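Chain and residue survey
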Amino acid sequence: WGPSAAPRPTHPSSPIGPQIVVSVYGPDCFGNDVVRGYGAVHVPFTPGRHTRTIAMFVPESTSRLQKFTSWFTGRRPEFTDPRVVAQGEGREVTRVRSQGFVTISFNIV
């Protein structure tokens, strides 16, 4: 490696390391299981008890016709690959809406 090698980030919130991807589902007014939110958080490296709050979001239809069709059929937009949530790449072109928060606790040994 020589002096020109880029140093690895060491900050606890750096994008290197494992993540937990959360998908929350619940019933809609018709009893269909629909996505209530997606979120991701990096697992802390330091030993001890850690609490993280995850901002949740849901994908939205882009047109009124799509919104009506998804409401009528009970099939709302959702991600099929959890890597979309974890990586964030390509998500800037996806329309999403904030949908609350989930708090998670870690006990790291």
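Let us look at the structure shown here. What you see is a predicted model; the values in this text were computed from it and never measured. (Residues numbered from 1 in each chain as written. Predicted model: local features only at pLDDT ≥ 70, side-chain atom pairs only at ≥ 80, totals over all residues. Heavy atoms only, no water.)

**Description of the overall build of the protein**
A tally of regular secondary structure across the protein gives 2 helices and 4 strands. In the protein, the order of α-helices and β-strands from amino to carboxyl end is β-β-β-α-α-β. Within the protein, residue pairs in contact and separated by at least 24 positions form 59% of the contacts whose partners lie at least 6 positions apart. Accessible surface computed for the protein: about 8100 Å², of which carbon and sulfur atoms make up 56%. (Helix = DSSP H or I, 4+ residues; strand = E, 2+ residues; numbered from the N terminus. Contact = heavy atoms within 4.5 Å. Areas by Shrake-Rupley, 256 points an atom, 1.4 Å probe, with all protein chains shown as cover.)

**A look at the side chain of histidine 50**
In this structure, histidine 50 sits in strand β3 (residues 48-59). By relative accessible area, which is 13% here, histidine 50 ends up buried. From its side chain, histidine 50 meets the backbone oxygen of threonine 46 in a polar contact 2.7 Å long. With residues up to four places along the chain from it excluded, the contact list for histidine 50 reads Pro44, Ile104, Ser105, Phe106 and Ile108. (Buried < 20%, exposed > 50% of the residue type's maximum accessible area, 1.4 Å probe, protein only. Polar contact = N/O pair within 3.5 Å; in protein donor to acceptor, adjacent residues only side chain to side chain.)

**Quick word on the layout of surface pockets**
By volume, the largest pocket amounts to about 240 Å³. A breakdown of the residues in the lining of the largest pocket according to their chemical character gives 6 nonpolar, 3 polar and 5 charged. (1 Å grid on protein atoms, 1.4 Å probe; cavity = no way out; pocket = protein on both sides within 12 Å on 5 of 7 lines; lining within 4 Å. Points joined across faces, edges and corners; volume = space filled by probe spheres on them. Nonpolar A, V, L, I, M, F, W, Y, C, P; charged D, E, K, R; others polar.)

**Concerning the pairing of strand β1 (residues 19-27)**
Of the strand pairs in this sheet, β1 and strand β2 (residues 33-42) are connected by 9 bridges, and their pairing is antiparallel. Pairing of isoleucine 20 across the sheet is with valine 41, part of β2. (Pairing = 2+ DSSP bridges.)

**Thoughts on the packing of aromatic side chains**
Aromatic ring pairs are defined here through the distance separating the ring centres and the angle between the ring planes. Counted by the stated rule, this structure contains 1 aromatic pair. Seen in terms of ring centroids, tyrosine 38 and phenylalanine 57 are 6.4 Å apart; in terms of plane orientation they differ by 50°. Their pairing is tilted. On the criterion of sequence distance, the pair formed by tyrosine 38 in strand β2 and phenylalanine 57 in strand β3 is long-range, its members being 19 residues apart. Per residue, the accessibility class of tyrosine 38 equals that of phenylalanine 57, and both read buried. (Phe/Tyr/Trp six-rings, centres within 6.5 Å; stacked < 30°, edge-to-face > 60°.)

**Here's the deal with the nonpolar core**
Core analysis: the biggest nonpolar cluster contains 7 residues, these being Val22, Val41, Val43, Ile54, Met56, Phe106 and Ile108. Of all the secondary structure elements, the ones that give two or more residues to this core are β3 and β4 (96-108). Grouped together as the second largest cluster of nonpolar side chains are 5 residues, Val35, Tyr38, Phe57 and Phe79 included. (Core = buried A, V, L, I, M, F, W, Y, C linked by side-chain atoms within 4.5 Å.)

**Examining a nonpolar patch on the surface**
Nonpolar side chains collect at one region of the surface, where Phe30, Phe68, Trp71 and Phe72 lie side by side and expose about 490 Å² of accessible area between them. Here phenylalanine 30 is to be found in the loop between β1 and β2. (Patch = residues over 30% accessible without salt bridge, like charges linked within 9 Å, V, L, I, M, F, W, Y side chains within 5 Å. Salt bridge = Lys/Arg side-chain N within 4 Å of Asp/Glu carboxyl O.)

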